Amino acid sequence: MAGDPETKFHGGRLIAKRLRAHGVSKLFTLSGGHLFSIYDGCRAEGIEIVDVRHEQSAAFAAEGWAKVTRTVGVCALTAGPGVTNGLSAIASAAQNHSPVLALGGRAPAFRWGQGSLQEIDHVPFVKPLVKLAATAGSAAEMPGLIDRAMSASLTPHGGPTFLDFPLDRVFMEGEERGPAAMLPEPWRGPGADQSDCDRAAALLRGAQRPVIMAGTNLYWGRGERQLLALAQGLRVPVFLNGQGRGCVPADHELSFARARSVGLGQADVALVIGVPLDFRLGFGAAFAPEAQIVAIDVAAPERDHPRQVAAGLYGALPATLDALRDAAGGGMAATASEREAWIASLRALEDQRRGEEADALGDPRAPLHPMRIYGELAQMLDRDAIVIGDGGDFVSFAGRVVDSYRPGCWLDPGPYGCLGSGPGYALAAKLAHPQRQVVLLLGDGAFGFSGLEFDTLARHGVEVVGVIGNNGIWALEKHPMEFLYGYSVAAELRPETRYDQVVAALGCHGELVRDPSELRPALERAFAAGRPALVNVLTDPSVVYPRRANLA
């Protein structure tokens, strides 16, 4: 009956009930008075409140949850500085197309303009970063706003949304009117126009040196199974970056990484799936000038391609890739031998370059070569281990040699390149997959952004293994600046800082590694510690990361 007390709830409870109806089980946050009503609602509805030490980490944890579950990750940020602290992570989610819902506290509406604590209008400066930004006008409209925001986050191109809730309105009561709206499942929708598929198929049938370059939107579009079927059926080598890593296992015969510059640079037809022609692909220059590029994505691009494409296929990726495979499946007999020769040449190059890494992976120097760390670590990782990169130079080496075998097993900041994302990602990844290894790779510079989140990991009993490459410099800046000017500034950190002692003081397991002989035993103890751990490895600051175009 309308107005019955049993059908009326305060705004925070209405928010939580709607989140729960959409399957939300975790709310990442940092305590703030403007959020008390939402906390109370979550507690009543059985949504776990996971509190961190900085709002940026709460928002990164929400994005990390989205990345490892392919569902909407949710965070709550208190008014004013709580919201502004989360903006870098929201911007990162926007560039990664990660479905995130950020809930903001807000100064009370009835006092608006009178100078309440932390009073600021968030919407104008958050709006350029998100797909939807709105302020709740009453408790009754809050469930509907949650529906709209969750739906917008998942609709291609996916991304973050933002809702804020004035303190007075979120404590008021309202009715839950109707069930939660069904959330979109765009991967089940129609594929690209058949005429576009036919045009791309004609190019593929005549290609002697085709390649597939796939990235983050392949993962969001849930097209990995169809991609593998297309690659196998048409005999096309596959290169992956971003969240696309692992969508074809690294040890599959058609999966390549080290041969990327040659593979892309010599291809005559390139299927570019779910990845923009941005700086990671030389704004299109990674492909030969005469290469025919077929752009395939979940939706039309948000900005123009920097070079002409021969065909654009936009729609649900499973249907699009199946249609393309079917359309291109016949009439390739004349090019079959050329394709096998192409694959064999790339495999020979891939094997050669992997062989060239052997010396670095076993480098005996002390302080250690970063590659030595990954040589040891690779032997200890399960196939479904989730590896998270948060850093510059140290993580660049990881991106080069750490292999992924399943979707959602490699997380890095993406094209926005925001340091400090790692601990939030790791927190969410381990909470989502408690039985899997979660390894956090940190540069010593990156540790300074959110290293205190090891306190969060300890408080919540989240057994993440961290490995820090400690070279005492900002290497990706120091070495190029010295090359350009003969000197560097603002590129030095304190040598041999004991980050292991920092995390030990926060309740974690910490170890220092100075010599390669100490590394394997320290890693083994970290994995067996039964609590969050950090292995602080002193690395050689003279090592320069090789900037080769073939490195993802």
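Computed from a predicted model, the values in this text were never measured in an experiment. (Residues numbered from 1 in each chain as written. Predicted model: local features only at pLDDT ≥ 70, side-chain atom pairs only at ≥ 80, totals over all residues. Heavy atoms only, no water.)

Enquirer: Quick question: what am I supposed to make of helix H7 (residues 142–154) here?
Expert: Residues that lie three or four places apart on an α-helix share one face, since the helix turns once every 3.6 residues. An ideal rise of 1.5 Å per residue puts 18 Å on 13 residues; H7 measures up with 19 Å between its terminal C-alpha atoms. Among the 13 residues in H7, ten count as buried, and that is most of the element. Listed as buried for H7 are Met-142, Pro-143, Leu-145, Ile-146, Asp-147, Ala-149, Met-150, Ala-152, Ser-153 and Leu-154. Contacts made by the buried residues of H7 are with helix H1 (11–21), strand E5 (100–106), strand E6 (133–135), strand E7 (160–166) and helix H8 (167–171). (Helix = DSSP H or I, 4+ residues; strand = E, 2+ residues; numbered from the N terminus. Expected span 1.5 Å × (residues − 1). Buried < 20%, exposed > 50% of the residue type's maximum accessible area, 1.4 Å probe, protein only. Contact = heavy atoms within 4.5 Å.)

Enquirer: Any chance you could explain the sheet that holds strand E19 (residues 533–538) here in plain terms?
Expert: Within a sheet, each strand pairs with its neighbour through backbone hydrogen bonds, oriented either parallel or antiparallel. In space, the six strands of this open sheet follow the order E15-E14-E16-E17-E19-E18, with parallel pairing throughout. At either margin of the open sheet sits one strand with a lone partner, and together these are strand E15 (410–411) and strand E18 (509–513). For E18 and E19, the ladder comprises five bridges, and the chain directions are parallel. Bridging from a neighbouring strand, Glu-511 pairs with Val-535 of E19. (Pairing = 2+ DSSP bridges.)

Enquirer: Can you walk me through the nonpolar core in this structure?
Expert: The nonpolar side chains of a soluble globular protein tend to be buried with one another. Judged by nonpolar contacts, the single largest core of 56 residues is most densely connected at Ile-212, Leu-227, Ile-273 and Phe-287. Apart from residues lying up to four places away in sequence, Ile-212 is in contact with Leu-227, Leu-230, Ala-231, Val-236, Pro-237, Val-238, Phe-239, Leu-271 and Ile-273. Within the second largest apolar cluster, 49 residues are counted, among which are Leu-87, Val-123, Leu-427 and Ala-429. (Core = buried A, V, L, I, M, F, W, Y, C linked by side-chain atoms within 4.5 Å.)

Enquirer: What exactly am I supposed to notice about the side chain of Thr-216 here?
Expert: Within the secondary structure, Thr-216 sits in helix H10 (residues 216–220). Setting aside anything within four residues of it in sequence, one finds Thr-216 in contact with Asn-96, Asn-241, Gly-242, Gln-243, Gly-244 and Gly-274.

Enquirer: Can you walk me through the side chain of Lys-478 in this structure?
Expert: Here Lys-478 lies in helix H21 (residues 475–485). Side chain to side chain, Lys-478 and Glu-482 meet in a polar contact 2.8 Å long. Within the local environment of Lys-478, its side chain forms a polar contact with the side chain of Ser-488, the two groups lying 3.2 Å apart. Beyond its immediate chain neighbours, meaning those up to four positions away, Lys-478 contacts Ile-473, Ser-488, Ala-491 and Glu-492. (Polar contact = N/O pair within 3.5 Å; in protein donor to acceptor, adjacent residues only side chain to side chain.)

Enquirer: Before we go on, may I ask you to explain the sheet that holds strand E2 (residues 26–29) in this structure?
Expert: In spatial order, the strands read E3-E2-E4-E5-E7-E6; together these six strands make up an open sheet with parallel pairing. For this open sheet the edge positions go to strand E3 (48–51) and E6, each flanked by a neighbour on one side alone. Pairwise comparison of adjacent strand axes, ignoring direction, gives a mean angle of 25 degrees for this sheet. As defined by bridge partners, E2 adjoins E3 across four bridges and the pair is classed as parallel. If you follow Thr-29 over to E3, its bridge partner there is Asp-51. The strands that helix H18 (residues 422–432) touches are E2 and E3; relative to E2, the one it contacts most, it runs at about 160 degrees. (Axes fitted to C-alpha atoms, helices over the stretch in contact; angles between N-to-C directions.)

Enquirer: How should the packing of helix H16 (residues 370–378) against helix H17 (residues 393–401) be read in this particular structure?
Expert: Geometry of a packed helix pair, given as the angle between the helix axes and the separation of the axes. Close contact between H16 and H17 brings their axes to 9 Å; oriented N to C, the two are set at 45 degrees. The orientation of H16 with respect to H17, classified from their angle, is oblique. As H16 packs across H17, the resulting crossing turns out to be right-handed. Taking contact as the criterion, the partners of Pro-370, Met-371, Ile-373 and Tyr-374 in H16 are, on H17, Asp-393, Phe-394, Val-395, Phe-397, Ala-398, Arg-400 and Val-401. (Parallel < 35°, antiparallel > 145°, perpendicular 65-115°, else oblique. Left-handed = near helix turned anticlockwise from the far one by under 90°.)

Enquirer: What is the right way to read the packing of aromatic side chains from this model?
Expert: Scanning the entire structure with this criterion turns up nine aromatic pairs. Taking the centre distance of 5.4 Å and the plane angle of 55 degrees together, the rings of Tyr-219 and Trp-220 count as tilted. Given the relative accessible area of 13%, Trp-220 is considered buried. Consider the rings of Phe-239 and Phe-256, whose centres lie 5.9 Å apart with planes at 40 degrees: the pair is tilted. (Phe/Tyr/Trp six-rings, centres within 6.5 Å; stacked < 30°, edge-to-face > 60°.)

Enquirer: Can you walk me through unusual backbone geometry in this structure?
Expert: Working note: non-glycine residues mostly have negative phi, and peptide bonds are mostly trans. Here the residue pair Pro-156 and His-157 is connected by a cis peptide bond, since its omega of -15 degrees sits within 30 degrees of zero. Here His-157 is to be found in the loop between H7 and E7. The step from Ala-366 to Pro-367 runs through a cis peptide bond, and the omega angle for that step is -5 degrees. With respect to the element layout, Pro-367 can be found in the loop between helix H15 (358–361) and H16. Positive phi is not limited to glycine here, since His-97 has a value of about 55 degrees. On the basis of relative accessibility, which here comes to 11%, the residue His-97 falls in the buried class.

Enquirer: What is the right way to read the environment of Ala-526 from this model?
Expert: For Ala-526, the location among the structural elements is in helix H23 (residues 516–527). Separated by 63 residues in the primary sequence, Ala-526 and Glu-463 place their C-alpha atoms 9.4 Å from one another. Discounting chain neighbours no more than four positions away, the residues touching Ala-526 are Val-465, His-509, Ala-533 and Val-535.

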